[in-house]
Amino acid sequence: MNSIIDQSQGDVRVEIDLHAGARIASLEVAGHELLVSRNSDPIGWGAYPMAPYAGRVRAGHFRYRGVEYSLPITAGDHAIHGTVLSQKWTQESDDIFTCDFGRSWPFSGFARQSIKLTASALTMRLEVHTEDPHMPASCGWHPWFVRRLQNSAAELEFDPGFMLERDSAGITTTTRSHPTEGPWDDCFGDVTHDPRIRWPGVLSLSIESNCPYWVVYTEPHDALCVEPQTAPPDSLNHSPHIVEPGKPLVATMALRWSITT
């Protein structure tokens, strides 16, 4: 099976890499590549789904209904961004792809993702399913957008009502505070309108989602990340969504663009 799936509509092209977590490996609009290109860091390029958990899990440990569970340490001292981003996915139909969670996740289940392209938008839907009686979960996406298109620097429009404080280990807590000035590697909520990235004179991109939380990462000089998530990082240790058979956790995201002059 071909691991690279191409979709195109007019002057828009998307490349989906099934062997790299069914991530969007390339999103090209009118000749402009919007995503950070493939590199050696498995969490540092493209736009990939995060499941069955999104963001960091403190020290790779969580407790669920009285049982302690451990996950592989994948970033510093913590687990990060789920298991499916580094797994091979299977093509179920032209635009639907599936992947089980692998041996490192202590519950039985799978993710299903649909990816559909039009001339003005890329729409995605992510489902987290379990084959056990129940399991904790969160999910979302991690897109890496380039800072510059031609000679135009990206400008982020983002208006959250609160941010969640991080502790000394850099892990998101449940304490809300007023958003600070960036640069950020933080989780936010109560966003008043869809986040938007503008490359003045080139292109404008809105990021729409049903997710109530957003992680925004603006520290890199060459990229910025705007990540919709169903729950904050480390939610497995606080208030995870509970998935049951036939009742998946569902997230949606749409990237909509327009050419500017």
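Up top is the structure.
A quick note: this is a predicted structure, and the numbers were derived from the prediction, not measured. (Residues numbered from 1 in each chain as written. Predicted model: local features only at pLDDT ≥ 70, side-chain atom pairs only at ≥ 80, totals over all residues. Heavy atoms only, no water.)

Asker: Lay out the overall build of the protein with the relevant residues and their values.
Answerer: From N to C terminus, the protein includes zero helices and 27 strands. For a compact globule of 261 residues, the expected C-alpha radius of gyration is about 18 Å, and the protein comes in at 18 Å, within 12% of that figure. Expressed as lengths along the three principal axes of its C-alpha atoms, the size of the protein is roughly 60 × 45 × 30 Å. In the protein, which comprises 261 residues, the share counted as buried stands at 52%. When contacts within the protein are restricted to residue pairs at least 6 apart in sequence, those whose partners lie at least 24 apart make up 63%. (Helix = DSSP H or I, 4+ residues; strand = E, 2+ residues; numbered from the N terminus. Rg over C-alpha atoms; globule rule 2.2 N^0.38 Å. Buried < 20%, exposed > 50% of the residue type's maximum accessible area, 1.4 Å probe, protein only. Contact = heavy atoms within 4.5 Å.)

Asker: I'd love a proper account of the pattern of salt bridges, names of residues and values included.
Answerer: For the structure shown, the criterion picks out 14 salt bridges. In this structure, aspartate 6 and arginine 13 form a salt bridge, with 2.9 Å as the shortest nitrogen-oxygen distance. Classification of aspartate 6 as partly exposed rests on a relative accessible area of 47%. According to the relative accessible area criterion, arginine 13 is partly exposed, its value standing at 29%. Among the salt bridges present, the one from arginine 13 reaches glutamate 15, with a minimum N-O distance of 3.1 Å. In this structure glutamate 15 comes out as buried when scored by relative accessible area, which is 16%. Among the ionic contacts, a cluster of salt bridges with common partners joins Asp6, Arg13, Glu15, Asp17 and Arg38. (Salt bridge = Lys/Arg side-chain N within 4 Å of Asp/Glu carboxyl O.)

Asker: Lay out the layout of surface pockets in plain terms, naming residues and giving numbers.
Answerer: One number sums up the size of the largest pocket: a volume of about 280 Å³. Lining the largest pocket are 20 residues, with Arg56, Ile80, His81, His142 and Asp185 positioned closest to its centre. When residues of the lining of the largest pocket are traced back to their parent elements, those giving at least two are strand 15 (140-146), strand 21 (185-189), strand 24 (213-217) and strand 25 (223-229). Looking at the lining of the largest pocket element by element, the count peaks at three residues for strand 21. Looking at side-chain class alone, the lining of the largest pocket contains eight nonpolar, six polar and six charged residues. Considering only enclosed or pocket space, the second largest pocket measures out at about 230 Å³ in volume. Contributing to the lining of the second largest pocket are 20 residues, with Tyr213, Ala231, Pro232, Ser235 and Ser239 lying nearest its centre. Listed by contribution, the elements that provide at least two residues to the lining of the second largest pocket are strand 19 (162-166) and strand 20 (172-177). At four residues, strand 20 tops the list of elements feeding residues into the lining of the second largest pocket. (1 Å grid on protein atoms, 1.4 Å probe; cavity = no way out; pocket = protein on both sides within 12 Å on 5 of 7 lines; lining within 4 Å. Points joined across faces, edges and corners; volume = space filled by probe spheres on them. Nonpolar A, V, L, I, M, F, W, Y, C, P; charged D, E, K, R; others polar.)

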